[in-house]
Amino acid sequence: MRKSLLTVCLLSAVSLTVYAQKREKYEFKRNLPVYAEQLIADLDYPLSWENSGIKNFNKWRKKARQKVFDCMLMPPPAPSHGYETKVLYEEQRDGYKARKIEIRLSRYYTVPAYVLIPDGKGPFPAVNALHDHGAHLFIGKEKMIRPLACETDEVKRDAEEWSAGYGGQFLGDYLAKHGYVVYSADAPMWGERGQMEGARRDKYDMIAGNMMMYGIDLSAWMTYDDISGTEFLAQMPEVDSKRIGCVGWSMGGYRSWMLAALSDRIQASASVCWMVTTDEQMSFKYKRTENGGFANCLPGLRRWLDYPDIASLACPKAMLLINGEKDKLFPVPGVKKAFDKLHAIWKSQHAEDKLQTELWDIPHSCDKKAQQTILEFFQKHL
């Protein structure tokens with residue numbers, strides 16, 4: 001036994017030595033190619049509104065949206081018999097009911113979700129609440145809506161701790177108390193759609209890469225599920241299908257403006273701490289440990305459209321974007337460039353009163369002040 005342990009220790013030491021070895025010549029630095037700035041200089045976004053040469057905004061939107069879908073690769077196959085739904089648990093809360101459901105969004109899989117329904121007579125306006133990334137995959141929907149009594153103590157405890165990023169308040173419950181039907185589902189790899197061996201951030205990229213071997217982009221499937229979940233929401237008898245919005249923080253913010261851009265069901269979207277331009281996000285100019293990743297990667301799309309170009313597909317819908325000056329994930333110069341581009345597009349369509357951009361003195365967070373601003377935005381536009 002002692003000899004075996006010594007062998008393991010020696011092998012581990014050799015492995016660490018090999019990992020630490022450096023070659024004099026290299027091509028990648030800090031997770032980026034050394035020629036990153038040259039790559040950025042070559043990104044000219046020929047399908048953006050200002051570069052496309054298309055004069056009719058609706059024609060541009062149709063063409064640009066199709067390009068986004070093309071880059072999303074294979075969509076999940078539709079469920080054979082519609083959105084079959086099973087209610088797993090229900091409880092009464094202060095002013096609204098909370099349900100845990102299982103919904104078939106694809107022929108391949110069912111998706112666990114929470115739905116909050118206000119007391120009283122509907123139909124009500126509704127919001128698709130899109131959870132964040134946070135390199136924390138153990139919970140998903142439970143980041144947006146307080147876990148139901150049927151969940152384990154570990155899930156409940158984890159969700160309470162995670163709510164610190166939301167000022168200790170569950171955004172979904174906050175909106176439900178103010179009269180909104182709220183839907184929130186686990187994204188692929190989060191919560192009850194995770195890995196059998198347990199939630200590990202370092203496995204996400206490996207699994208996303210393996211999914212591409214099937215012709216599937218995992219980020220795209222997340223967006224497709226967000227679209228399908230919104231379609232399910234629209235068919236609920238308690239929901240006014242003409243008054244549906246979406247909201248999210250961090251990766252949820254990305255999901256929110258993506259959903260608004262690609263789904264005609266969404267009338268208003270709110271995104272906190274996720275908007276930037278690629279030239280700043282993928283640059284060496286900032287001391288960053290992470291620039292991008294599979295969670296928002298659609299193959300080849302940067303050759304056609306930048307992030308604000310995609311978000312502008314939602315124009316002239318109502319859109320709220322809040323970013324933080326102390327947010328180390330999104331360089332402020334990139335945020336300002338993105339906001340300027342979005343305002344130019346909404347202005348060109350005589351809809352600038354529907355675009356609200358805010359740059360606050362905050363870190364990467366979605367506190368109670370942000371949630372109040374979100375509520376007021378939805379009250380105005382839904």
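In this text the structure is predicted, and so the values were computed from the model without any measurement.

**Some thoughts on the environment of Trp162**
On the secondary structure map, Trp162 appears in helix 4 (residues 153-162). Residue Trp162 is classed as partly exposed on the basis of its relative accessible area, which comes to 22%. The sequence separation of Trp162 and Ile345 amounts to 183 residues, and the corresponding C-alpha distance is 36 Å. Aside from chain neighbours lying at most four places away, what touches Trp162 is Asp132, His133, Gly134, His136, Ile139, Lys143 and Trp249.

**Focus: the pattern of salt bridges**
Pairs can form between side chains of opposite charge whenever their charged atoms are close. Throughout the structure, instances matching the rule amount to 24 salt bridges. In this structure, Arg99 engages Glu90 in a salt bridge whose closest nitrogen and oxygen atoms are separated by 2.7 Å. The class of Glu90 is partly exposed, set by a relative accessible area of 40%. Across the pair Glu192 and Lys100 runs a salt bridge, and its minimum N-O distance is 3.0 Å. Residue Glu192 is located in the loop between strand 7 (181-185) and helix 6 (201-212), and its partner Lys100 is located in strand 4 (residues 96-104); the two are separated by 92 residues in the primary sequence. For Glu192, a relative accessible area of 44% translates into the label partly exposed.

**Considerations on the sheet that holds strand 11 (residues 355-360)**
Taken in spatial order, the nine strands of this open sheet run 3-4-5-7-6-8-9-10-11, and their pairing is mixed. Of all strands in the sheet, those bounded by a partner on one side alone are strand 3 (85-93) and strand 11. Across this sheet, the average inter-strand angle for adjacent strands is 15°, counted without regard to direction. Alignment of strand 6 (residues 124-130) against strand 7, held across three bridges, turns out to be parallel. Within strand 7, the position partnered with Val127 by the bridge is Val182. Helix 8 (residues 251-262) contacts strand 6, strand 7, strand 8 (239-249), strand 9 (266-272) and strand 10 (318-324) of the sheet and is inclined by roughly 145° relative to strand 8.

**Side note on the packing of helix 7 (residues 218-235) against helix 8**
Put simply, helix 7 and helix 8 touch, their axes get as near as 10 Å, and they point 65° apart. Crossing hand, helix 7 versus helix 8: right-handed. Contact residues: Ser219, Met222, Thr223, Asp226, Ile227 and Thr230 in helix 7; Met251, Tyr254, Arg255, Met258, Leu259 and Leu262 in helix 8. Class assignment of the residues belonging to the contact of helix 7 with helix 8 gives a composition of seven nonpolar, three polar and two charged.

**Regarding the packing of aromatic side chains**
Here the structure, examined in full by the defined rule, presents 17 aromatic pairs. Ring pairs connect the aromatic residues Tyr254, Trp257, Trp274, Tyr307 and Phe330, which therefore count as one cluster. Positioned over the ring face of Tyr114 is Lys141, at 5.3 Å from the centre of the ring. One residue, Arg302, lies across the ring of Tyr307, its end atom 4.2 Å from the ring centre.

**Topic: the state of the cysteines**
What the rule picks out here adds up to zero disulfides. Here Cys246 stays free of any disulfide, with the sulfur of Cys366 as its closest cysteine sulfur at 13 Å.

**Overview of unusual backbone geometry**
Here the amide bond leading from Gly122 into Pro123 is cis, since omega sits at 0°, within 30 degrees of zero. Relative to the elements of secondary structure, Pro123 occurs in the loop between strand 5 (110-118) and strand 6. Cis geometry is found at the peptide bond from Cys315 to Pro316, where omega equals 15°. As for its placement among the helices and strands, Pro316 is situated in the loop between helix 10 (307-311) and strand 10. The backbone of Asn31 shows a phi angle near 70°, a positive value even though the residue is not glycine.

Calculation rules
- Residues numbered from 1 in each chain as written.
- Predicted model: local features only at pLDDT ≥ 70, side-chain atom pairs only at ≥ 80, totals over all residues.
- Heavy atoms only, no water.
- Helix = DSSP H or I, 4+ residues; strand = E, 2+ residues; numbered from the N terminus.
- Buried < 20%, exposed > 50% of the residue type's maximum accessible area, 1.4 Å probe, protein only.
- Contact = heavy atoms within 4.5 Å.
- Salt bridge = Lys/Arg side-chain N within 4 Å of Asp/Glu carboxyl O.
- Pairing = 2+ DSSP bridges.
- Axes fitted to C-alpha atoms, helices over the stretch in contact; angles between N-to-C directions.
- Left-handed = near helix turned anticlockwise from the far one by under 90°.
- Nonpolar A, V, L, I, M, F, W, Y, C, P; charged D, E, K, R; others polar.
- Phe/Tyr/Trp six-rings, centres within 6.5 Å; stacked < 30°, edge-to-face > 60°.
- Lys NZ or Arg CZ within 6 Å of the ring centre and 35° of its normal.
- Disulfide = S-S within 2.5 Å.

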